[in-house]
Amino acid sequence: MENLTDINVIKALMKKHGFEFSKSLGQNFLINPSVCPKIAEQGNAKSSFGIIEIGTGIGVLTAELAKRADKVVAIEIDNRLIPILEDTLSDFENVKIINTDILKTDLSKIIDENFKGLDVAVCANLPYYITSPVIMKLLESRLRIKSVTVMVQKEAGKRLCAEMGTRDMGAVTVAVNYFSEPKILFNVSRGSFMPSPNVDSCVVRFDLKEETPKGVEDEKFFFKVARGAFSQRRKTLANSVSSSMGIDKELVINAIENAGLLPTVRPEQLSMEELINFSNTLKSISNL
Ligand code: SAM
């Protein structure tokens, strides 16, 4: 098999298939040979697992996943890459390539059709322009997935994996912590990609929880409150929620106090339990 992290091999494949990188599709391919084996090993690519890969590029990570897992379903939006993948992955009988947009894909159908009797994990070097929607889709859909291991921009990784109650957190931190145990696995420098992006990256893993936190009376409302709370960073919880959700400030302060918090509390100071209490209280006294 060809070495898919070798720049000359990549250039030859591109020339042979008349392929040019698309910036708008986030096409930065991995050329650091140590990264893909690490993603595969730390991302549950092993016997008795089926792996969903998002964004295959020329198949550099796909190959490492296919060497270790029982089956890989690889989703790639760019049809120009399909003939290249048929070339580079021809040694693997356990890889299925699907030419589609991950955001329009019914993942539960993919899991039912391809991974009977197998545990399921997701691994990807994500196109950065859809990092958040892809992660939210994977977490919120309540699919039978054990873990999601993805390369993201370093700053995004910090926010995604921030602990509740710390300055780095945002609305996405709430969702991530609600559905999973997040962890930054390792950093990846910009020089590990071709073409090289302007920022460094990191690989994060979300181990999905079997049970989400107890006590949330209305999940949809809870996430609306979380988004509202972090919509205006550095404001107090009362100001942020009242202006973003259009609720009278006195009423929001009432809910904050009824939840046992100080009226001056900032959203980034809240624990998961405190945010749940506040959301439940706000719902009951605002009749929303
Ligand atoms: N896995 C390869 C690697 O590590 O070298 C490529 C990673 S590259 C950062 C992201 C890949 O995702 C590209 O191949 C791009 O075409 C693909 N992609 C972009 N948007 C996508 C979408 N909405 N659905 C599926 N694949 C997408």
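Residues numbered from 1 in each chain as written. Predicted model: local features only at pLDDT ≥ 70, side-chain atom pairs only at ≥ 80, totals over all residues. Heavy atoms only, no water.

Asks: Could you give an account of the pattern of salt bridges, with specific residues and numbers?
Replies: For the structure shown, the criterion picks out twelve salt bridges. Across the pair Lys67 and Glu64 runs a salt bridge, and its minimum N-O distance is 3.0 Å. Here Lys67 and its partner Glu64 are both found in helix α3 (residues 60-68), three residues apart, which amounts to about one turn of the helix. Lys158 is the salt-bridge partner of Glu155, the closest N and O atoms lying 4.0 Å from each other. Of this pair, Glu155 and Lys158 both sit in helix α7 (residues 154-160), three residues apart, roughly one helical turn. (Salt bridge = Lys/Arg side-chain N within 4 Å of Asp/Glu carboxyl O. Helix = DSSP H or I, 4+ residues; strand = E, 2+ residues; numbered from the N terminus.)

Asks: Could you give an account of the sheet that holds strand β7 (residues 180-188), naming the residues involved and the relevant values?
Replies: Taken together, seven strands build an open sheet; the order of strands is β4-β3-β2-β5-β6-β9-β7 and the sheet is mixed. Unpaired on one side and paired on the other, β4 (95-99) and β7 mark the two borders of the sheet. Here the average twist between neighbouring strands, direction ignored, is 20°. Two strands pair when backbone bridges link them, and strand β3 (residues 71-76) and β4 are joined in this way by five bridges, in the parallel orientation. By the bridge assignment for β4, Glu76 is matched with Asn99. Each of β5 (119-125), β6 (147-153), β7 and β9 (201-208) touches helix α2 (residues 35-42); the most contacted strand, β7, lies at about 165° to it. (Pairing = 2+ DSSP bridges. Axes fitted to C-alpha atoms, helices over the stretch in contact; angles between N-to-C directions. Contact = heavy atoms within 4.5 Å.)

Asks: Kindly report on unusual backbone geometry, identifying the contributing residues and their values.
Replies: With glycine set apart, most residues show a phi of negative sign, and most peptide bonds adopt trans. The linkage connecting Met194 with the following residue, Pro195, adopts the cis geometry, with an omega of -10°. In this structure, Pro195 sits in the loop between β8 (193-194) and β9. Residue Arg142 is not a glycine yet carries a positive backbone phi of 50°. By the secondary structure assignment, Arg142 is in the loop between α6 (131-140) and β6. For Arg142, a relative accessible area of 46% translates into the label partly exposed. (Buried < 20%, exposed > 50% of the residue type's maximum accessible area, 1.4 Å probe, protein only.)

Asks: How would you sum up empty space enclosed by the protein? Please name residues and give values.
Replies: The final tally for this structure, using the stated rule, is one cavity of 30 Å³ or more. The volume enclosed by the largest cavity comes to roughly 360 Å³. Listed by contribution, the elements that provide at least two residues to the lining of the largest cavity are β1 (29-30), β2 (49-54), α3 and β3. For the lining of the largest cavity, the per-class residue count stands at 18 nonpolar, eight polar and three charged. (1 Å grid on protein atoms, 1.4 Å probe; cavity = no way out; pocket = protein on both sides within 12 Å on 5 of 7 lines; lining within 4 Å. Points joined across faces, edges and corners; volume = space filled by probe spheres on them. Nonpolar A, V, L, I, M, F, W, Y, C, P; charged D, E, K, R; others polar.)

Asks: Hey, could you go over the domain arrangement of the protein for me, with residue numbers and the actual values?
Replies: Each assigned domain of the protein is listed with its residue range as follows: domain 1 (7-208) and domain 2 (219-286). Domain 1 and domain 2 are separated by 34 Å when their C-alpha centres are compared. The interface of domain 1 with domain 2 comprises 15 residues on the first partner and 15 residues on the second. Carbon and sulfur atoms make up 65% of the area that domain 1 and domain 2 hide from each other, which totals about 1,200 Å². Our count for the contact surface shared by domain 1 and domain 2 stands at four residue pairs in polar contact (both at pLDDT 80 or more). Considering every element that reaches the side of domain 1 that touches domain 2, the biggest residue donor is helix α8 (residues 171-179), with six residues. Residues belonging to the side of domain 1 that touches domain 2 are distributed by class as follows: seven nonpolar, four polar and four charged. (Domains from an automatic or database assignment. Buried area = accessible area lost by both parts, 1.4 Å probe. Polar contact = N/O pair within 3.5 Å; in protein donor to acceptor, adjacent residues only side chain to side chain.)

Asks: I'd love a proper account of the packing of helix α9 (residues 219-229) against helix α12 (residues 272-286), names of residues and values included.
Replies: Following both chains from N to C, one finds α9 and α12 inclined at 110°, their axes separated by 9 Å at the closest point. By the angle between their axes, α9 is roughly perpendicular relative to α12. Counting all contacts with α9, which are made through Phe221, Phe222, Val225 and Ala226, the residues of α12 involved are Met272, Leu275, Ile276, Phe278, Ser279, Leu282 and Lys283. A class-by-class count of the residues in the contact of α9 with α12 yields nine nonpolar, one polar and one charged. (Parallel < 35°, antiparallel > 145°, perpendicular 65-115°, else oblique.)

Asks: Give a description of the pairing of β9 that names residues and reports values.
Replies: The element β9 is extensively covered by neighbouring structure, given that seven of its eight residues are classed as buried. Two elements, β6 and β9, share seven bridges in a ladder whose sense is antiparallel. Considered in β9, the bridge of Val150 is made with Val204. Inspection of the sheet shows β7 paired to β9 by eight bridges, in the antiparallel sense. Directly across from Ile184, in β9, lies its bridge partner Val204.

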